[in-house]
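Analysis of the macromolecular model
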Amino acid sequence: MKIAFFDAKPYDKPSFEKYGEQAGISFKYFETKLNEDTVDLAQGYDGVCVFVNDTVNAAVIDRLAEMGVRYLALRCAGFNNVDMKHAFGKLHVFHVPAYSPYAVAEHTMALLLTSIRRIHKAYIRSKDFNFSLSGLTGFDLYGKTVGVIGTGRIGRVFVDICRGFGMKVLAYDKYPAAGLDNGDTVRYVALDELFRESDIISLHCPLTEDTYHVIDEKALAQCKKGVVILNTSRGALVDAEALLSAIKSRQVGAACLDVYEEESDLFFEDNSGHIMEDDTLARLISMPNVLVTSHQAFLTEEALENIAETTVQNLLSFAQNGQCENELCWKESSAQRCENGKCF
Ligand code: NAI
């Protein structure tokens, strides 16, 4: 089987080569992202392998299907960049539902600790032998309340980490997890209460029509003054303009962002020699209380191994059995999964 691998980075190759070779799948690595301009590179391949910032819209799907490409293997969990309804009946779409919830949850806590203990400032100071402590005062996490929006795999690991720090957890999920609410240190509450009562808010839900700009001007106005916003999920969960205004007005005390609404043309690339066109991102990055990482939360050795292993397994399983448990296949209007691989 031949797969065209888009948005390839040097750190992707070792694990995909290893698992691909074992399974008899060959990958051709393209550095470019998949979109309407690059889709023809997939000519002659059985499938394409894409990541979070590739564009798989109706036009791309139609062209892939026209060229006889059958598989769309997402090497990530989220699939908000794929027009799933349009793909139905045209491509078999697979994803990697979980590769390391620990990687993302631990990165979220790393950002939080860095921000509130001013480690980013201290690191730069000590490199310059400046050992002054002025301006480095932080606050204890112990006893603070963290609001966790989305209590799936990553959210639950983050809840556990926060409990280890002695924090209280207020959780919100459209589909609450059984057994998580203990009526004491972890409680499910309505979103309004979570906004009002949390010292820190962390986003771990997918990007959907429901969750688009879940953190907007109205939500931020309800929050405690000085709230810390953590987003390691998807950029468009946060209205970046509203966040910037709330930082300027001191309503938000700090923000840690691993994702950004307009990240697709910027993140994962070295833009250091370019003029930053995105004024909102430039202004956010210029703030002393904003930390931005470049969609890096997943990037651990364990996660990269799991991503490659599951992606290869998805392709192999479908090719051999016509079935794959990680197929995402939505019927035109009902938004339900088809019976494993039986949609076309
Ligand atoms: P998951 O599917 O296990 O959990 C998502 C949770 O969100 C579920 O409990 C679901 O019920 C809940 N949810 C769905 N709609 C909701 C709504 N309207 N309001 C509140 N909660 C809602 O997914 P997982 O593995 O925990 O991943 C969460 C998100 O993390 C992914 O959707 C993805 O966007 C992001 N992610 C980011 C990575 C990074 O490198 N920064 C890497 C991997 C995932």
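Figured I'd write up the structure that's included with this text.

Definitions and limits used
Residues numbered from 1 in each chain as written. Predicted model: local features only at pLDDT ≥ 70, side-chain atom pairs only at ≥ 80, totals over all residues. Heavy atoms only, no water. Near = heavy atom within 4 Å. Polar contact = N/O pair within 3.5 Å; in protein donor to acceptor, adjacent residues only side chain to side chain. Nonpolar A, V, L, I, M, F, W, Y, C, P; charged D, E, K, R; others polar. Phe/Tyr/Trp six-rings, centres within 6.5 Å; stacked < 30°, edge-to-face > 60°. Helix = DSSP H or I, 4+ residues; strand = E, 2+ residues; numbered from the N terminus. Buried < 20%, exposed > 50% of the residue type's maximum accessible area, 1.4 Å probe, protein only. Lys NZ or Arg CZ within 6 Å of the ring centre and 35° of its normal. Disulfide = S-S within 2.5 Å. Core = buried A, V, L, I, M, F, W, Y, C linked by side-chain atoms within 4.5 Å. Domains from an automatic or database assignment. Contact = heavy atoms within 4.5 Å.

Digging into the site of the ligand
Lining the immediate surroundings of the ligand are 23 residues, of which Arg153, Ile154, Asp173, Thr232 and Asp258 lie closest. Between the ligand and Arg153, the relevant distance is 2.9 Å, taken from an oxygen atom to a side-chain nitrogen or oxygen of the residue. Phe298 is positioned with one of its backbone polar atoms (N or O) 3.1 Å from an oxygen atom of the ligand. For the shell around the ligand, a count of residues per class yields 9 nonpolar, 8 polar and 6 charged.

Describing the packing of aromatic side chains
Taken as a whole and judged by the stated rule, the model has 13 aromatic pairs. Seen from their ring centres, Phe94 and Phe318 are 5.4 Å apart, and the 50° between their planes marks the pair as tilted. Within this pair, whereas Phe94 is found in strand 5 (residues 92-94), its partner Phe318 is found in helix 11 (residues 301-321), the two being separated by 224 residues in sequence. Using a relative accessible area of 6% as the deciding quantity, one classes Phe318 as buried. Stacked on the ring of Tyr45, the Lys or Arg Lys2 has its end atom at 5.3 Å from the ring centre.

Notes on the environment of Asn321
Counting through the fold element by element, Asn321 comes out in helix 11. Separated by 14 residues in sequence, Asn321 and Ile307 have C-alpha atoms that sit 21 Å apart.

Looking at the state of the cysteines
Following the criterion strictly, the structure yields 0 disulfides and no others. With no disulfide of its own, Cys49 lies closest to Cys76 among cysteine sulfurs, the gap being 8.7 Å.

Considerations on the nonpolar core
Leu34, Val48, Leu64, Phe195, Ile201, Leu243 and Leu284 are the most contacted members of the largest nonpolar core, which has 84 residues in total. The dominant element in this core, judged by the number of residues it contributes, is helix 11, at 7 residues. Structurally, this core is a two-domain feature, drawing no fewer than three residues from each of domain 1 (2-99 + 301-343) and domain 2 (101-292). When sequence neighbours within four positions are dropped, the list of residues in contact with Val48 reads Ile3, Ala4, Phe6, Leu34, Ala42, Leu64, Val69, Tyr71, Leu72 and Ala73. Formed by 25 residues, the second largest nonpolar core is a distinct cluster that contains Val157, Cys162, Ala177 and Leu230.

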